[in-house]
Amino acid sequence: METPAIPHDSDAALVAASQQGDTDAFGQLYQRYVRLVHGVLLARVRSTEVEDLVQDVFLRALPRLRDLRDASRFGSWLATIARNIATDHHRRVQTQPESPTDSADPDEQPMKSSSLGTSSEAAEILECIRSLPEAYSETLILRIVEGMTGPEISARTGLSPGSVRVNLHRGMQQLRQKLTQRESRGAIESKNRTIG
Amino acid sequence: MNERYKKQAEYNEYLWDGSGKPDSEIRALEQVLEQFRATNLTPPAFPRLDLAPQHSSWWQGISSNGRTLRFTAATLTLAAITIGLLLSLRESPSLPNKSGWSVELTKAQPESPPGVSTPGKKTQLQIGQAFETDSSSKASIAVADIGRLEVEPSTRLRLLQSSQGHKRVALDHGTIQATIWAPPGEFVMDTPSATAVDLGCMYTLRVDESGRGLLHTTLGWVGFQSGGHESFIPAGAAAAIYPRTGPGLPYFEKATDALRTAVAQFDSANDASNDPGSDAVTAQRATAVRIILRAAESRDALTLWHLLPRVSESDRPTVYSRLAALVPPPPGVTREGILRLDRAMLDSWWNTLDLGDIGLWRRFEQGWSGSLAGSGTVRKLAPK
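Calculation rules
- Residues numbered from 1 in each chain as written.
- Chains lettered and ligands numbered in written order.
- Predicted model: local features only at pLDDT ≥ 70, side-chain atom pairs only at ≥ 80, totals over all residues.
- Heavy atoms only, no water.
- Helix = DSSP H or I, 4+ residues; strand = E, 2+ residues; numbered from the N terminus.
- Buried < 20%, exposed > 50% of the residue type's maximum accessible area, 1.4 Å probe, protein only.
- Contact = heavy atoms within 4.5 Å.
- Areas by Shrake-Rupley, 256 points an atom, 1.4 Å probe, with all protein chains shown as cover.
- Axes fitted to C-alpha atoms, helices over the stretch in contact; angles between N-to-C directions.
- Parallel < 35°, antiparallel > 145°, perpendicular 65-115°, else oblique.
- Left-handed = near helix turned anticlockwise from the far one by under 90°.
- Nonpolar A, V, L, I, M, F, W, Y, C, P; charged D, E, K, R; others polar.
- Buried area = accessible area lost by both parts, 1.4 Å probe.
- Salt bridge = Lys/Arg side-chain N within 4 Å of Asp/Glu carboxyl O.
- Polar contact = N/O pair within 3.5 Å; in protein donor to acceptor, adjacent residues only side chain to side chain.
- pLDDT = per-residue confidence, 0-100.
- Pairing = 2+ DSSP bridges.
- Phe/Tyr/Trp six-rings, centres within 6.5 Å; stacked < 30°, edge-to-face > 60°.
- Lys NZ or Arg CZ within 6 Å of the ring centre and 35° of its normal.

Participant: Quick rundown of the overall build of chain A? Include the residues and the values.
Facilitator: Secondary structure summary: chain A contains eight helices and zero strands in total. Listing every helix and strand of chain A by position from the N terminus yields α-α-α-α-α-α-α-α. Every one of the 196 residues in chain A was classed for burial, and the buried ones make up 49%. The contacts of chain A with a sequence gap of at least 6 include a subset with a gap of at least 24, amounting to 65%. With an accessible surface of roughly 9600 Å², chain A has 49% of that area assigned to carbon and sulfur atoms.

In structure tokens form, the structure reads like this:
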């Protein structure tokens, strides 16, 4: 039986070329997987620190590439490196929650879905997503922040399409609950301020 | 299917792959969170690391020519002995394998025969043993499970320690590219000239037998120590190494030629092989300091911070003023304190340079104290 030819631009071919020291091939893998790595990191560390860590992930992955036996596991292998780097980062740096780039206005109205938009709200929502169970937060960030589709997330992470679907739906369900609670809390605080 | 379920299914498809009717809440989330998306991220310059064993075609060339084959047989035998000697692991052959590091030859002499130093062949480097490459061989060493050393030709190193949390080698001469992914402070490299420090994830260290050399950091940052001198070398920076005086002034490689030249002049004036009290050396040092201060831009705060403890007391106020103009000292750091080289104040000022938390280094320094004295060492610090 003939072995099917591997397209020269397939992930497997690019991983094999990279393992031979072809840095251009590794550059192509970077382009394909940078959103995955960015998303995995964003689920764990502050957005301002993610960009540097993305570079660390790829620079750390390159010399270890020869230890990767199964090229089809490149995505999950890279995601593991990203998670480890995020963990190392937390050990070194005192973790702080995402802070908005603009100052929070104490009189700001509580968030409603129709009024989403300020950096402050974005930072709070990102924190809400991060507070979800890891499998949900990571998958939701890849979908909603990085703009990857479910099939892409499945292909890049090696998770089954079913798992990705479950993570997306359960994650979204929990996120909606958290946003609703947050909205209610905001309304109560606003009311208290008005009374006070 | 009733309308409610049909609508729900459409929303589910939108969440799955963006098809179907957009869910207004998900759309709103996508829009507001878009600012965090990975956009226009430029890939770093990936170094060529000789990841795979390089298979030369020397054998094919030789075997296609019977005369050449016979002619080279004797040479190959001799080369086998030479290569075997070069690659032999010496000094304590009876140590257990579990603490050894895997060594793989990635490039051999063109004349090397199969089975002796074949690229890809692996061996073990044990604690106390030395490893040496000849002028045309390269090797790759797995640093336990925490990193990799790419060993360039004409390099000699020794494995000193490989215990949990502490890995240590001595680079006697040659060039090593180190990539370490262990937690900060775990990997230490001795050199003949500079003592002790902890390094970033990726760096190149070159040193000759006299102890002169250069350290360049690609990723993370590096601490370098010798006697009373400490140098911290962040990614994109380098520092020369000198016999006895150890690490020179670190400088960013993007610094102006004027600054880099002046740094080299200052370092060589400080080199212990010179008479530090001679008029010529004093003048050379003073000229170099003047040029460094004039040429320094904000990124060169790195160099100026290191200059503070190395200049004379009379020159220190000028260095302080220039550094303060580039990076104002943080609250609690006073001119008087810096002029008397108060360590806490110097450390506090370093931390405002945003080149790495010096507290990490101080903790590792304590952890390794007692074992750092003596020969020069390099240690790994966390990436910034």
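Participant: Give a detailed account of the overall build of chain B, specifying residues and quantitative values.
Facilitator: Per the secondary structure count, chain B includes eleven helices and 16 strands. Relative to its 384 residues, chain B shows a buried fraction of 52%. In chain B, once contacts between residues fewer than 6 apart in sequence are set aside, the share between residues at least 24 apart is 57%. As displayed, chain B has an accessible area near 16900 Å², and 52% of this comes from carbon and sulfur atoms.

Participant: Quick rundown of the side chain of His306 of chain B? Include the residues and the values.
Facilitator: Residue and element names in this part refer to chain B. Inspection of the secondary structure puts His306 in helix H7 (residues 301–307). The exposure class of His306 is buried, given its relative accessible area of 1%. Setting aside residues no more than four positions away along its own chain, His306 makes contact with Glu230, Ser231, Phe232, Leu249, Pro250 and Trp350.

Participant: Break down the packing of helix H2 (residues 23–42) of chain A against helix H3 (residues 47–64) of chain A for me, with residues and values.
Facilitator: Residue and element names in this part refer to chain A. Contact geometry of H2 with H3 gives a least axis separation of 9 Å together with a crossing angle of 135 degrees. In terms of their interaxial angle, H2 and H3 are classed as oblique. Crossing angle aside, the handedness with which H2 passes H3 is right-handed. In contact with Phe26, Leu29, Tyr30, Tyr33, Val34, Val37, His38, Leu41 and Leu42 of H2, H3 contributes Ser47, Val50, Leu53, Val54, Gln55, Val57, Phe58, Ala61 and Leu62. Class assignment for the residues of the contact of H2 with H3 results in 15 nonpolar, three polar and no charged.

Participant: Outline the interface of chain A and chain B, listing residues and values.
Facilitator: Chain A puts 57 residues into the contact, and the matching count from chain B is 45 residues. Interface area for chain A against chain B, summed over the two sides, is near 4800 Å², with a carbon-plus-sulfur share of 64%. In this structure, Glu13 of chain B engages Arg165 of chain A in a salt bridge whose closest nitrogen and oxygen atoms are separated by 3.3 Å. Here chain A and chain B share nine residue pairs in polar contact (both at pLDDT 80 or more) between them. Of all elements in the fold, only helix H1 (11–19), H2, H3, helix H4 (74–92), helix H5 (119–130), helix H6 (134–145), helix H7 (150–157) and helix H8 (161–195) of chain A reach the threshold of two or more residues within the side of chain A that touches chain B. For the side of chain A that touches chain B, the element with the highest residue contribution is H3 of chain A, accounting for eleven residues.

Participant: If you had to explain the confidence of the model for chain A to someone new, which residues and values would you point to?
Facilitator: Scored by pLDDT, chain A has a mean of 81; 79% of the residues are at 70 or more. Within the model, the stretch residues 101–115 of chain A combines pLDDT values under 50 with 24 contacts to residues more than four positions away or in other chains.

Participant: Residues and numbers for the pairing of strand S13 (residues 237–242) of chain B, please.
Facilitator: Residue and element names in this part refer to chain B. Within S13, six of the six residues are buried, leaving the element largely enclosed by the surrounding structure. Of the two faces of S13, the one carrying Ala237, Ala239 and Ile241 and the one carrying Ala238, Ala240 and Tyr242 are both buried. Judged from the four bridges that link them, strand S10 (residues 213–219) and S13 form a sheet pairing that is antiparallel. Bridged to Gly213 within S13 is Ile241. Bridging between S13 and strand S15 (residues 251–252) involves two bridges; their strand directions are antiparallel.

Participant: Lay out the pattern of salt bridges in plain terms, naming residues and giving numbers.
Facilitator: Inspection of the entire model under this criterion finds 24 salt bridges over all chains. For Arg156 of chain A, the salt bridge goes to Asp11 of chain A, with nearest N and O atoms at 3.7 Å. Remark: Asp11 of chain A occurs in helix H1 and Arg156 of chain A occurs in helix H7; sequence separation between them is 145 residues. Look at Asp11 of chain A and you get buried, because its relative accessible area is 19%. The salt bridge involving Asp172 of chain B is made with Arg156 of chain B; its shortest N-O contact spans 2.5 Å. Taken together, the residues Asp172 of chain B in strand S7 (residues 166–180) and Arg156 of chain B in strand S6 (residues 156–163) connect sequence positions 16 residues apart. Accessibility classification places Asp172 of chain B together with Arg156 of chain B in one group, the buried group. Overlapping salt bridges bring together Arg44, Arg83, Glu134 and Glu138 of chain A as one network.

Participant: Provide a residue-level description of the packing of aromatic side chains, including the pertinent values.
Facilitator: Under the counting rule described, the total for this entry stands at eight aromatic pairs over all chains. With a centroid separation of 6.0 Å and 45 degrees between ring planes, the pair formed by Phe232 of chain B and Trp305 of chain B is classed as tilted. Linking Phe232 of chain B in strand S12 (residues 229–234) with Trp305 of chain B in helix H7, this pair joins segments that are 73 residues apart in sequence. A relative accessible area of 6% means that Trp305 of chain B is categorised as buried. A network of ring pairs unites the aromatic residues Phe26, Tyr30 and Phe58 of chain A as a single cluster. The residue whose ring lies beneath Arg143 of chain A is Tyr14 of chain B, and the NZ or CZ to ring-centre distance is 5.5 Å. If you follow Arg156 of chain A out to its NZ or CZ, it ends over the ring of Tyr33 of chain A, 4.8 Å from the centre.

Participant: Go over the pairing of strand S8 (residues 187–191) of chain B, please, and point to the residues and values.
Facilitator: All names here are of chain B. Counting buried residues in S8 gives five out of five residues, a clear majority hidden from the surface. Covered by surrounding structure in S8 are Phe187, Met189 and Thr191 together with Val188 and Asp190, the residues of both alternating faces. Both S7 and S8 contribute to a ladder of four bridges, which runs parallel. Residue pairing in the sheet places Ala170 in a bridge with Asp190 of S8.

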